[in-house]
Amino acid sequence: MSATTRRSLLAGAAGLTGAALATSIVIAQTASATGTGAGWLNVKDAPYGALGDDRNDDAPAIQKAIDAAGQGDTVYLPPGAYRLTSPLRLRLGVTLRGDWHPRSPAETEMTASYLRPGLGTFTGEALIVIGPAPAQGTSTATGYGGGARLYGLALDGRDQRSTTGTAVDGIRVIPGVQDLGLEKVTVWRFTGHGLNAQNATALQLTQVHCVDNEGHGFTWADATGTGGGLVDADLFQCHAEGNGGHGFDILNPDAATVVDCRSEANGRHGYHVTGVSHALVMIGCTSDRNGRDGFHLATSPGGRFLQLLGCLAGRDGRETATSLIPYSGFTVTGEAAEGVVLTGCSATTGRGDDDTGADSPAYGLTTSALNPVSNVSVVGGQYVGTTAPFQDLGAVLVRHSGVISGTHRDTGIEWDRHDVHMISGAAGTRRDLEFWSRGRARRWTLRTTDATESGTGDGSDFALVRHADDGTVLDTPLTVSRANGRVSLTTPGLTVTTTGGPGGPGVHLVQQRQSAQGYAVTGTGRTSRAFQSRAAGDSVNRFSMEIDGTQTFGPGGDTGRDTSWGRLGPAQIGSADADLVVGRAGKGIKVKEGSNAKMGTVTLAGTTPVTVPTTAVTAASRIFLTVQSPAGTPSGVAYVASRTPGASFSVKGMPGDTSTVAWLIMEPA
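As the structure is a computational prediction, the values presented were derived from the model and not from experiment. (Residues numbered from 1 in each chain as written. Predicted model: local features only at pLDDT ≥ 70, side-chain atom pairs only at ≥ 80, totals over all residues. Heavy atoms only, no water.)

(A) Representation of the sheet that holds strand β45 (residues 572–574). Spatial ordering of the open sheet is given by β41-β42-β43-β44-β45, a layout of five strands whose pairing is antiparallel. With partners counted over all chains shown, the strands left at the sheet margins are β41 (529–533) and β45, one partner each. With strand direction ignored, the average angle separating the axes of adjacent strands in the sheet is 15°. (Pairing = 2+ DSSP bridges. Helix = DSSP H or I, 4+ residues; strand = E, 2+ residues; numbered from the N terminus. Axes fitted to C-alpha atoms, helices over the stretch in contact; angles between N-to-C directions.)

Okay, here's the thing in structure tokens:
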């Protein structure tokens, strides 16, 4: 290796940090002088002889270096434009390394250093193909102790032509590959996908950029959706931009972490996650101005965890204006949503960078087509859509406190000022909000019941559930019927403590309808009590009303009640143990007069009996007579001459007496 090349290697290593920097320097200093054998193999050195002149086919020279490399060796491509007419097939355990890669290749045009399909022709499925290790136990398995690595490479697909007429991927990872690392790699303008890695496991991708490819930027799926899978993978600061398909197309993720990645201006979804998600965590990922959903999560039954933390979706769904489908910043759909949690995520609306086009997306978050036992938990964050912040078609959204939402209007964003904690579930399911004592069992539950719903107001009653020390249900002190809004209280009842000053009742019932009913108490027998009251310090109630209306009174303290008032018989009310006292001067007893009354007046006709018709008279009636207006020859004597119980009685006077006499009927107790 020439001194000039060695200095270039050391300069290129300056972009590394920590242990990687130290390792690169040691490897550069110990590389063989001929560029072959253990260490670093320079593709421009003999016996490989790559030119990097952007004209000649360098595929044979580079492939020769790859084939010569052993486990842990680095095949180094100095800056140059390398034309390839066939794929580079990378062995496991070998690192293919360049010195440069752009994040935005359209701005640099990749004029300095790249790998590129040959002029006019290219035979193969991808520019770089990475195959699996030979089967364990075979003679060819010797030396395959680790995975392949790509570092510092720029792949330029502008001139690609496939002799088979099929789309060409930038990088194709054959199913079965394990322990693959890509760092600082850019894949630009290929007719296929940027990175196609079906059924590959143990991947580590750092700052890999797939830009302006006609297929997906990154894909871990196949055309039928039966294979694929992002398994045991870590993606960090990867970037998908301007691809014709999805930015990130992920099938059956399992033990995968996606951190600080970005997907923008792709033709379809920014992040497209399908299949069974056993464990996928996305942290700090962003999407912007993708054609469809920013984050499209279509899950299948059997998954457990799909969690998004601090992810941002901005201006996605730009196809909404021309499509019948209203797209969203986040969409959770499929068949199941077990373990789907969005924490601190946000979606916002906007137009293109030049302020053209319609505002999008239609919704901040959409849930749809999920089974009734699924729940999509949203914790914190801000969601804005042009139609509405949320579209809960699946009736599975669980919206926790701290979620801010708004609707994009022509005049600006109309914010929902309410801090909503929403627990959602399908009809016929029980939804609980539980309160626990830390280290112990549940204490209280606020519940919407699983009562059957028919759409007429019944079902899903509200209940307050009380639990025992071991968490089992004791009773339901309070329920509210959704059909009629009636509140029901169970034992031990209700205590109202008022602390305000005078002027208002402790409990005030306001009737809104003239025919409305007030309080109603239903007892199991006559001894049930409807109302009672006592003063502070009393041990015995001063007043009590039984379920049949009987009222009893007492002096309070510890003395029993001694006075009663209530129904004594058919059409009879009074007290069986107390006098009736009119205790105020000027007040007394008033009796209604009229037909069949117990009080009235009669005019005497001397000794001729005058009949008073009234059904109120009985055989035991006491009839009192008093002269009200003397007339004729008043004698001061008038008497009851006869009676017919239930019909009448007659009154006589002395000869010539025509006085007006008042009569009053009373019955003995």
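(B) Just the packing of aromatic side chains, in detail. The tally for this structure, following the rule as stated, stands at eleven aromatic pairs. Here Phe218 and Trp220 contribute two aromatic rings whose centre-to-centre distance is 6.1 Å and whose plane-to-plane angle is 5°, an arrangement assigned as stacked. The two residues Phe218 and Trp220 agree in class, both being buried. Look at Phe649 and Trp663: their rings are 5.4 Å apart centre to centre, the planes differ by 80°, and that puts the pair in the edge-to-face class. Placement of Phe649 in strand β50 (residues 648–653) and of Trp663 in strand β51 (residues 660–666) is noted, with a sequence separation of 14 residues between them. Of the two residues, Phe649 and Trp663, both sit in the buried class. (Phe/Tyr/Trp six-rings, centres within 6.5 Å; stacked < 30°, edge-to-face > 60°. Buried < 20%, exposed > 50% of the residue type's maximum accessible area, 1.4 Å probe, protein only.)

(C) Structural view of the environment of Leu127. Tracing the chain through its elements places Leu127 in strand β8 (residues 126–130). Taking the C-alpha atoms as reference points, Leu127 and Arg172, 45 residues apart in sequence, are found 7.8 Å from one another. Once you skip the residues sitting within four places of it in the chain, Leu127 turns out to touch Leu84, Pro87, Leu88, Leu115, Arg116, Pro117, Phe122, Leu155, Val168, Asp169, Gly170 and Phe190. (Contact = heavy atoms within 4.5 Å.)

(D) Looking closely at the pattern of salt bridges. With the rule as written, the count across this model stands at 25 salt bridges. Note that Asp54 and Arg116 form a salt bridge whose closest N and O atoms lie 4.0 Å from each other. Of this pair, Asp54 sits in strand β2 (residues 53–57) while Arg116 sits in strand β7 (residues 114–117), and the two are 62 residues apart along the sequence. Taking the shortest distance from any N to any O, the salt bridge between Arg315 and Asp288 comes out at 2.7 Å. Of the two residues, Arg315 is situated in the loop between β25 (312–314) and β26 (328–334) and Asp288 in strand β22 (residues 286–288); the sequence distance between them amounts to 27 residues. Neither Arg315 nor Asp288 differs from the other in exposure class; each is buried. Ionic contacts of the salt-bridge type, sharing partners, join the residues Asp54, Arg83, Arg116, Asp156 and Arg158 into one network. (Salt bridge = Lys/Arg side-chain N within 4 Å of Asp/Glu carboxyl O.)

Structural measurements only, silent on function.
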